[in-house]
Each structure stands twice: as C-alpha cells, then as structure tokens.
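Per-entry structural report
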Amino acid sequence: MTIADRLAGIKAKVPPHVKIIAVTKTQSLPAILEAYQAGHRLFAENRVQEMIEKQPLLPADIEWHFIGHLQTNKVKFIAPFIRLIHSVDRRELLRVIDREAEKHQRVIPCLLQIRIAREATKFGMSAEDALALCHEYCDGHFRNVQVRGLMGMATFTEDSEQVRQEFAFLASFFNRLRNDVFHGAETFCELSMGMSGDYELAIREGATMVRLGSVIFGERK
Ligand SMILES: *Cc1c(COP(=O)(O)O)cnc(C)c1O
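**Thoughts on the overall build of the chain**
Regarding its fold elements, the chain presents nine helices and eight strands. Taken over C-alpha atoms, the radius of gyration comes to 17 Å for the chain, in line with the 17 Å a tight globule of 221 residues would show. Residues classed as buried in the chain amount to 51% of the 221 residues present. Restricting the contact set of the chain to residue pairs at least 6 apart, pairs at least 24 apart contribute 58%. When the accessible surface of the chain is summed, it comes to about 10,600 Å², and 50% of that surface belongs to carbon and sulfur atoms. A gap of 3 Å separates the mean positions of the 29 positive and 28 negative side-chain charges of the chain.

Quick look at the structure:
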C-alpha cells in the first residue's frame, strides 16, 4: 500500500471533526510530499532540529505542529512559523513561547501536555499544575499564546483498559477546565490524544486530534 492509500483508509474511518496530524519524524521529504500531494496539510515533528531542516524545503502551506519535548532555548527557531505546540509541559516553557511569539508579533496556539501514563518516562505536567496555569492564563497572563486544549500520551501497553482509563481521565479533566476555568470559551477546544496503536480508542474517548506516524508512513527505521 502507498502512503496515499493508507491516508485515505484512515480518513475514511476517522470522524470528520477529528484532525489527523501526520507525524513525519525520521521520514524522507519524498514520503512527506506523497502525503502532501494526497491533499494532507497537517504535519508534526518531535525534534526542533529535524523540523527546521525540513520546513524550508517543503510547501509553505503546510501547517506544522510541534509534538516533542521542547527546550526553552530552541523555541526561537520554530516561533516564526509553528501553528500549534502540543507539548507545553511546564510554566516556564509557556512563558518563553509567549516571549518569542511577541517578538514575531504573533499569537502561538498551544496545548498543555498532561502526564497521564503510569510510565515515569513520559513528559507532561500534573493536572494540578495545569489547573493553576490555566487560571493564570485566563486571568490575562501570556497574551501572545492561546491555550487551545490538552495533549496526553497513554502508557505503552497491551492493556487497552488501562489506556482507555488514561484517555478518559484526560477527557474529563479537559471538560472540567473548559467549563470551570475557560467558561465554555470556543477557543479551548482541542484534545490531542491517540497515536498509531491507540487512536481509535482515543477517538471514542473524545480526542479531537490524533497524531499518526507509522500507520501512515510505515514503521520507522
Ligand atoms: C512519534 C510520535 C507519535 C506518532 O507515533 P506512531 O506510533 O508512529 O503513530 C505521536 N505523538 C508523539 C508525541 C510522537 O513522538
């Protein structure tokens, strides 16, 4: 199957309100262009270096998302063009994104990454810290970022009930923030959860964005 075939197959079964973010890490430019030529425009990388090498060589109407752990000293490299940062996992990072966005006279959309997995290796902030940060944001701080929702990565396990519970926790926390802190603001609307192995489950639990690499491009080398 070609990349275009795999994309079409996924688009046929994902509901229209769910955005498919094609994760291009380690993928070649021709592979990315194949997805682009099939009409896809939402792409994501998890490393700044790889993103800034590829971005100038690819069509300008690609909407680039950043999904990996982001060091504050690298925000400046993506600030001019990034369309959504999924992986804001600490207050200091939001502060630096805000500062760099201001330099470019932009507002950078962001998601707060919440730690939902039991594995100690996954990044993300606690729900408690995210709640405090959302209050601060809604009080008018960080004028050059827009907090659009949450992101989470479930535990890497065969136990689908555990994965479902982690997604359900994130969805309920998202709804609580939307109602109690954002007072139903339409701009707080994105829940990024689900990867190649668990995206169908994530959609059933309320994901509005799924981040898919290997099911589109094949296994990474
Ligand atoms: C690599 C990556 C994905 C996609 O992984 P697949 O299992 O290949 O779909 C999604 N989210 C993040 C944060 C990633 O780093």
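Now that the structure has been shown, the text picks up again.
**Some remarks on the pattern of salt bridges**
Tallying each qualifying case throughout the model produces 14 salt bridges. The salt bridge partner of Arg41 is Asp61, with a shortest N-O separation of 3.2 Å. Of the two residues, Arg41 is situated in the loop between helix 2 (29-37) and strand 2 (42-45) and Asp61 in the loop between helix 3 (48-54) and strand 3 (63-66); the sequence distance between them amounts to 20 residues. With a relative accessible area of 29%, Arg41 lands in the partly exposed category. Between Glu136 and Arg91 there is a salt bridge, and its shortest N-O distance comes to 2.5 Å. Remark: Arg91 occurs in helix 5 (residues 91-103) and Glu136 occurs in helix 6 (residues 127-138); sequence separation between them is 45 residues. By sharing partners, the salt bridges in this structure join Glu45, Arg47, Glu50 and Lys54 into a single network.

**A closer look at the site of the ligand**
Neighbouring residues of the ligand: Val23, Lys25, Asn46, Ile67, Met153, Met195, Ser196, Arg211, Leu212, Gly213, Ser214 and Arg220. Ser196 places a side-chain nitrogen or oxygen 2.5 Å from an oxygen atom of the ligand. One nitrogen or oxygen atom from the side chain of Arg220 is found 2.8 Å from an oxygen atom belonging to the ligand. Relative to its unbound accessible area of 390 Å², the ligand is 91% covered by the protein chains. In the shell around the ligand, the residues fall into five nonpolar, four polar and three charged.

**What to know about the pairing of strand 7 (residues 190-193)**
Neither face of strand 7 is left uncovered, since the one carrying Glu190 and Ser192 and the one carrying Leu191 and Met193 both have all their residues buried. Sheet topology note: the strand 6 (residues 145-152)/strand 7 ladder contains four bridges and is parallel. Residue pairing in the sheet places Gly149 in a bridge with Glu190 of strand 7. One crossover worth recording links strand 6 to the parallel strand 7 by way of helix 7 (residues 160-180), and it is right-handed.

**Examining unusual backbone geometry**
What is expected of a backbone is that most residues other than glycine have negative phi and most peptide bonds are trans. One non-glycine residue with positive phi stands out, namely Thr26, at about 70°. Of note in this structure, His183 is not a glycine but carries a positive phi near 50°. Relative to the assigned elements, His183 resides in the loop between helix 7 and strand 7. Classification of His183 as exposed rests on a relative accessible area of 65%.

**Points about the packing of aromatic side chains**
On inspection of all chains with the given rule, the structure shows five aromatic pairs. Note on Phe43 and Trp64: the rings are 6.1 Å apart at their centroids and 45° apart in plane angle, and the pair reads as tilted. Of this pair, Phe43 sits in strand 2 while Trp64 sits in strand 3; the two residues are 21 residues apart in sequence, bridging distant segments of the chain. Exposure remark for Trp64: the relative accessible area of 2% places this residue in the buried category. Taking 6.0 Å as the distance between ring centres and 40° as the angle between the ring planes, the aromatic pair formed by Tyr137 and Phe182 counts as tilted. With a gap of 45 residues between them, Tyr137 in helix 6 and Phe182 in the loop between helix 7 and strand 7 connect regions that are remote in the sequence. Both residues of the pair, Tyr137 and Phe182, belong to the buried class.

**Topic: the packing of helix 1 (residues 3-13) against helix 2**
Helix 2 packs onto helix 1 with a crossing angle of 45° between their chain directions and a minimal axis gap of 9 Å. Taken together, the axes of helix 1 and helix 2 lie oblique to each other. Here the hand of the crossing between helix 1 and helix 2 comes out right-handed. Residue-level inspection shows Ile3, Ala4 and Leu7 of helix 1 in contact with helix 2, the latter providing Ala31, Glu34 and Ala35. Looking at the contact of helix 1 with helix 2 residue by residue, the classes come out as five nonpolar, no polar and one charged.

Criteria and cut-off values
- Residues numbered from 1 in each chain as written.
- Predicted model: local features only at pLDDT ≥ 70, side-chain atom pairs only at ≥ 80, totals over all residues.
- Heavy atoms only, no water.
- Helix = DSSP H or I, 4+ residues; strand = E, 2+ residues; numbered from the N terminus.
- Rg over C-alpha atoms; globule rule 2.2 N^0.38 Å.
- Buried < 20%, exposed > 50% of the residue type's maximum accessible area, 1.4 Å probe, protein only.
- Contact = heavy atoms within 4.5 Å.
- Areas by Shrake-Rupley, 256 points an atom, 1.4 Å probe, with all protein chains shown as cover.
- Lys, Arg positive; Asp, Glu negative; His and termini not counted.
- Charge placed at Lys NZ, Arg CZ, Asp CG, Glu CD.
- Salt bridge = Lys/Arg side-chain N within 4 Å of Asp/Glu carboxyl O.
- Near = heavy atom within 4 Å.
- Polar contact = N/O pair within 3.5 Å; in protein donor to acceptor, adjacent residues only side chain to side chain.
- Nonpolar A, V, L, I, M, F, W, Y, C, P; charged D, E, K, R; others polar.
- Pairing = 2+ DSSP bridges.
- Right-handed = clockwise from strand over helix to strand, strands pointing away.
- Phe/Tyr/Trp six-rings, centres within 6.5 Å; stacked < 30°, edge-to-face > 60°.
- Axes fitted to C-alpha atoms, helices over the stretch in contact; angles between N-to-C directions.
- Parallel < 35°, antiparallel > 145°, perpendicular 65-115°, else oblique.
- Left-handed = near helix turned anticlockwise from the far one by under 90°.

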